[in-house]
Amino acid sequence: MDFIEYLPPLLRGAGLTLVICIAAGVLGSLIGVVLGTAKASPNWIARFVASIYINFIRGVPILIILLFTYFALPLLLPALTFSRGFTAVVGLSVYAGAYMAEIVRGGIQAVPKGQSEAAEALGMHYFARLRFVIFPQAMKIAVPPGIGFLIALVKASSLVSVIGFVDLTRAGRIVTTLNQEPLLTFLIVGALYFVISYPISLLGTWYERKLA
Amino acid sequence: MIITVEGLHKSFGKLEVLKGIDCEVSVGEVLCVIGPSGSGKSTFLRCLNFLESFTEGQVTIGGHNLTGPKTNLNAVRRDVGMVFQGFNVFPHMKVIDNIMLAPMKVGKVSRTEARTRGMALLEKVGLTNKADVYPSTLSGGQMQRVAIARALAMEPTVMLFDEPTSALDPETVGDVLDVMKTLAEEGMTMVVVTHEMGFAREVADRVLFMDAGVIVEEGTPAQIFESPQHVRTQTFLSKLL
């Protein structure tokens, strides 16, 4: 009945969920910026490669990506045997990258064509146009949906429990088998997810207010 | 000749919008291009700095052959300023930063030097007091003058104007035309696609009338506006009066 003794494992799970979400959020955003830029580029090879990645990853459940990375990849290439935590970060990053790429592409394509033409007419080369003219405007457009996706990513991260990684969800299940109190335990687990994801919403609100 | 165009053809898919344009512009000349919508005059202008690629023909501008094997288009564009109908000022930068961007990033000019140059140009277009505001607070005419200053900051030898006053409120058109007139008087080589016949008549050294992808007629403003030879020119001008 003494709940205090079950709180540390839950908090530890929450901490690990937070860590893999931050890592996957950062890596996924980086993949997204690179692939989203490629998908919006004038170079057809870059567009083609980015399209294959995005369509393939978006067409496969995140659960399958995680299971494949953890159980199947080492059979193909033994060098790719990862720890549970590393697999969780890789799987979530690969998944987040595809969605972030589409958000970034949308942002880039929402910048009026005249902006790029004006920079082009000034003699700026492609990467200078991106860096100084297109990105600053595209990111303003991409940030609100990007924030929305990061919140979804925190919740999707609960799926990493299938490969045995003791994240917040799995910690909750372990605790319920010990204390036989699923009601209270999962209420706390839910509250902890909220504590992780709500600051991301606040960040989004703050950003939109800053722009207004 | 600072610009030489020979046998310029341009097609969008099956639609041929330029059907063989030949034209020359000498240093310091102001050439106005007039004609009905869809006549290909904007496309022609955009071919001059290769914002639009062309199907056939040769364009030489400021000593660069646009389709030459070793041509660096960005180097060409540094010498050729362009002003657009829709201004295309950068909304995320202050007015002065709009003007300083290209000199600093393309021209490798120092920040101090770029700022000095930028402030001088703002004075020229009459917007010194707007240096540190964002473009969203400006009127259309003010934005277009910022766009002109931005193009001039690269110290181009030729300026291209693509219907620079077509998107403006009538009361701000005059300020933009005044800036362009001053520029012409200072000896800038200019190619201006325009619907402002008053400007063309007063400022142009030569007027070129285009229709359906060809140059129908060209001559001095007096020749074109007082005694147009071709029936299409006559029809076009009579509709404007």
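Residues numbered from 1 in each chain as written. Chains lettered and ligands numbered in written order. Predicted model: local features only at pLDDT ≥ 70, side-chain atom pairs only at ≥ 80, totals over all residues. Heavy atoms only, no water.

1. What to know about the interface of chain B and chain A
- On the chain A side, the residues contacting the 22 residues of chain B number 16 residues.
- At the boundary of chain B with chain A, the tally comes to 2 salt bridges.
- At the junction of chain B and chain A, the tally comes to 5 residue pairs in polar contact (both at pLDDT 80 or more).
- Those elements that place two or more of their residues in the side of chain B that touches chain A are α2 (73-78), β6 (80-83), α3 (95-105) and α5 (140-152) of chain B.
- Across the side of chain B that touches chain A, the residue classes break down as 13 nonpolar, 4 polar and 5 charged. (Contact = heavy atoms within 4.5 Å. Salt bridge = Lys/Arg side-chain N within 4 Å of Asp/Glu carboxyl O. Polar contact = N/O pair within 3.5 Å; in protein donor to acceptor, adjacent residues only side chain to side chain. Helix = DSSP H or I, 4+ residues; strand = E, 2+ residues; numbered from the N terminus. Nonpolar A, V, L, I, M, F, W, Y, C, P; charged D, E, K, R; others polar.)

2. Remarks on the pairing of strand β9 (residues 206-211) of chain B
Residue and element names in this part refer to chain B.
- Burial within β9 is extensive, with 6 of its 6 residues counted as buried.
- The side-chain alternation of β9 yields two buried faces, one formed by R206, L208 and M210 and the other by V207, F209 and D211.
- Relative to β9, strand β3 (residues 30-34) is paired through 4 bridges, and the arrangement is parallel. From the neighbouring strand, C32 faces β9, where its bridge partner is V207.
- Two strands pair when backbone bridges link them, and β9 and strand β10 (residues 214-219) are joined in this way by 5 bridges, in the antiparallel orientation. Across the sheet, the residue bridging to L208 is E218, located in β10.
- The turn joining β9 and β10, which pair antiparallel and follow one another in sequence, is formed by 2 residues; a positive phi near 50° is taken by A212. (Buried < 20%, exposed > 50% of the residue type's maximum accessible area, 1.4 Å probe, protein only. Pairing = 2+ DSSP bridges.)

3. Looking at the packing of helix α1 (residues 7-39) of chain A against helix α6 (residues 126-156) of chain A
Residue and element names in this part refer to chain A.
- Direction vectors running N to C along α1 and α6 enclose 140°, while the axes themselves pass 10 Å from each other. Considering their axes alone, α1 and α6 lie oblique with respect to each other. The interaxial crossing formed by α1 with α6 has right-handed handedness. Contacts between α1 and α6 involve C21, A24, G25, V33 and T37 on the former and, on the latter, Y126, L130, F135, M139, L150, L153 and V154.
- The residue inventory of the contact of α1 with α6, partitioned by class, reads 10 nonpolar, 2 polar and no charged. (Axes fitted to C-alpha atoms, helices over the stretch in contact; angles between N-to-C directions. Parallel < 35°, antiparallel > 145°, perpendicular 65-115°, else oblique. Left-handed = near helix turned anticlockwise from the far one by under 90°.)

4. Thoughts on the pairing of strand β4 (residues 56-61) of chain B
Residue and element names in this part refer to chain B.
- Pairing geometry for strand β1 (residues 3-12) and β4, over 5 bridges, is antiparallel. Among the inter-strand pairings, I3 is bridged to a residue of β4, identified as I61.
- As paired strands, β4 and strand β5 (residues 64-65) are joined by 2 bridges and run antiparallel to one another. Following the sheet pairing, I61 is matched in β5 by H64.
- Linking β4 back to β5 in an antiparallel pair, the connection comprises 2 residues, with G62 at a positive phi of about 55°.

5. Quick look at the sheet that holds strand β7 (residues 158-162) of chain B
All names here are of chain B.
- With mixed pairing, the 6 strands of this open sheet are ordered in space as β6-β7-β8-β3-β9-β10. Two strands bound the open sheet, and with one partner strand each, they are β6 and β10. Averaged over all adjacent pairs, the angle separating strand axes in this sheet is 15°, with direction ignored.
- Together, β6 and β7 form the strand contacts of α5, whose direction differs from that of β6 by roughly 170°.
- Helix α6 (residues 170-185) contacts β3, β7 and β8 (189-193) of the sheet and is inclined by roughly 145° relative to β8.

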